[in-house]
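Examination of the molecular architecture
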Amino acid sequence: RSDCMLRSGLKTLAAAALAACLALPASAQTYPSQNITVMVAFPAGGLADIIARLVSTKLEGRLKQSVVVENRGGAGGNIAAKAVVNSAPDGYTLLATTSGLAANLTASKNRGFEQSDLRPIAFVAISPDVIAVHPSNPAKDLKEFIANAKEKSFTYGSAGAGTGPQIGAEYFFQEVAKVKYVHVPFQGGAPAITATLGNHVDALVLTLPPVVPQIVQGKLRGLGVASEKRNSAIPDVPTYGEMGYPGVYSGSWVAFFAPAKTPDAVVSKLNSEINALMAEPDSLEKLKQNGFDPVVKDVAGSEAYYKSEVASWGKMVNAIGFSN
C-alpha cells in the first residue's frame, strides 16, 4: 500500500511539474488577459512621459486591454526601475525610461538593481539635448553664454542627477567648455522647465521634446542643440558645432523594459506591436513635431544596444568622476 501511495504521489508531482512547465507558454500565448501598467520613471510632461502616453494609447487598441500610465519619478529614474524589477515578470508591469538608466548603472551605487535585472522590450525614439535660458538672459547663443560664464559662475537645472542630459551637461561644462557652474537637480523635466520659466536658474539642459513648445513660443531661448545637424522642430537654434564646439553630441533615447525573467514570447509580442504602432504615419509626425527621431530594433537588436549604451554612458560617467 505504501508503494502504491508513493507511486501515486510521484504521479501527482510529475503532473504538477508538467502543468508548471506548460503554464508559461500558455500564458504568453494568451497575453494580455488583464490591464497593463506602464511605469514612467519621470513626472508627467517629461521626455519618457510623452512617448509612454503615445505608445500606451495605441497599444490599448492593438492589444484590446487597458494600458495605464503611472508616473513614478525620483532618484534619476531609479525608483520606477526598482519597482519594475521587483514586480512579477509577466508582462503586466513595464518600465518607460531614458538613457539615464544606462548612466545610472555606473553612476548610482545604491540603486537597488543591476543591469541584468531588466530586459529591453523596444527602443522607440531618440532626441538631442538642448541648452535653453530665460529670454531676459543677455546671451543670445551658446557662444555668448559660455563667454559670460568664464567671468561668472552660473546655475543650471536638469531633470535630476544621473539623467542623460545632466551627465552630458557635466561632461560639456567640465571637459569641453571648462566653466564653473552649480547644478540644480529637479524631479523631472517639467519642474526644471517651470523653474527656468520663473528665472530661478540661469539655464536649463534637457533632452529637446519637453522644451520644444517653450522655445517655439518664445518663452525660453534655445542656445544650442547637441546634435550633428539642426533639429526640424526648432530650426532656428544652432548646433553646438556651429557655436564652436564640434563633435559634441549628447541626447537621450526612450525605451520600454520588463523584469529580466519575463517570457520571451511576451517580450517578442510587445516588441513587434510597439515597432508597428510607432511606424504609423501619425506616430512619426508626432515624433518629428516634438524633436524626436524614430528608433526601430528587434528584441536581439534591443538587447545589444542596451549593453552598448551601458558601456558608452559608463565611460562618460567615469571621465567626469560622477556618482550619485
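Residues numbered from 1 in each chain as written. Predicted model: local features only at pLDDT ≥ 70, side-chain atom pairs only at ≥ 80, totals over all residues. Heavy atoms only, no water.

1. Brief notes about the pattern of salt bridges
A full pass over the atoms with the stated rule returns 10 salt bridges. D49 is the salt-bridge partner of R53, the closest N and O atoms lying 2.8 Å from each other. Taken together, the positions of R53 and D49, both in helix α2 (residues 47-63) and 4 residues apart, correspond to about one turn of that helix. With relative accessibility at 5%, the residue D49 sits in the buried group. The partner of R111 in a salt bridge is E114, and the shortest N-O contact between them spans 2.9 Å. Members of the salt-bridge network, linked through shared partners, are K58, R62, E273, E280 and D282. (Salt bridge = Lys/Arg side-chain N within 4 Å of Asp/Glu carboxyl O. Helix = DSSP H or I, 4+ residues; strand = E, 2+ residues; numbered from the N terminus. Buried < 20%, exposed > 50% of the residue type's maximum accessible area, 1.4 Å probe, protein only.)

2. Quick notes on the packing of aromatic side chains
Each aromatic ring pair is summarised here by two numbers: the centre-to-centre distance and the angle between the ring planes. Inspection of every chain in the model, using the stated rule, returns 15 aromatic pairs. Aromatic side chains F123 and Y305 sit 4.9 Å apart centroid to centroid with 85° between the ring planes, which places their arrangement in the edge-to-face category. With F123 in strand β4 (residues 118-133) and Y305 in helix α11 (residues 299-320), this pair connects stretches of sequence that are 182 residues apart. A residue is classified by how much of its surface remains accessible, and F123, at 0% relative accessible area, is buried. On the basis of relative accessibility, which here comes to 21%, the residue Y305 falls in the partly exposed class. Taken together, the ring pairs in this structure connect F145, F154, Y156, F172, F173, Y181, Y240 and Y245 into an aromatic cluster. (Phe/Tyr/Trp six-rings, centres within 6.5 Å; stacked < 30°, edge-to-face > 60°.)

3. Things to note about the pairing of strand β1 (residues 36-40)
For β1, the buried fraction is high: 4 of the 5 residues fall into the buried class. Two elements, β1 and strand β2 (residues 67-71), share 5 bridges in a ladder whose sense is parallel. Its bridge partner lying in β2, V38 is registered against V69. A crossover connection joins β1 to the parallel β2 through α2; in handedness this β-α-β unit is right-handed. Bridge analysis of β1 against strand β3 (residues 93-98) gives 4 bridges, and the strand direction is parallel. By the bridge assignment, T37 is partnered in β3 with T93. (Pairing = 2+ DSSP bridges. Right-handed = clockwise from strand over helix to strand, strands pointing away.)

4. Observations regarding the side chain of N231
Tracing the sequence through the fold places N231 in the loop between β8 (221-225) and β9 (251-259). One polar contact links the side chain of N231 to the main-chain amide nitrogen of A233, over a distance of 2.9 Å. Beyond its immediate chain neighbours, meaning those up to four positions away, N231 contacts P128, L208 and G291. (Polar contact = N/O pair within 3.5 Å; in protein donor to acceptor, adjacent residues only side chain to side chain. Contact = heavy atoms within 4.5 Å.)

5. Concerning the confidence of the model for the chain
In the predicted model, the chain carries a mean pLDDT of 90, and 91% of its residues have values of at least 70. Below pLDDT 50 for its whole length, residues 1-26 participates in 1 contact with residues either more than four positions away or in separate chains. (pLDDT = per-residue confidence, 0-100.)

6. Things to note about the nonpolar core
Counting residues in each nonpolar core, the largest one holds 61 residues, and the members touching the most others are I51, L118, I121, V124, F256, F257 and I274. If one sorts the elements of this core by residue count, α2 sits on top with 9 residues. What F257 contacts, discounting residues up to four positions off in sequence, is L94, L95, T97, L101, L118, R119, P120, I121, F123 and Y306. A149, F173, A203 and M243 belong to the second-largest nonpolar core, a separate cluster that totals 23 residues. (Core = buried A, V, L, I, M, F, W, Y, C linked by side-chain atoms within 4.5 Å.)

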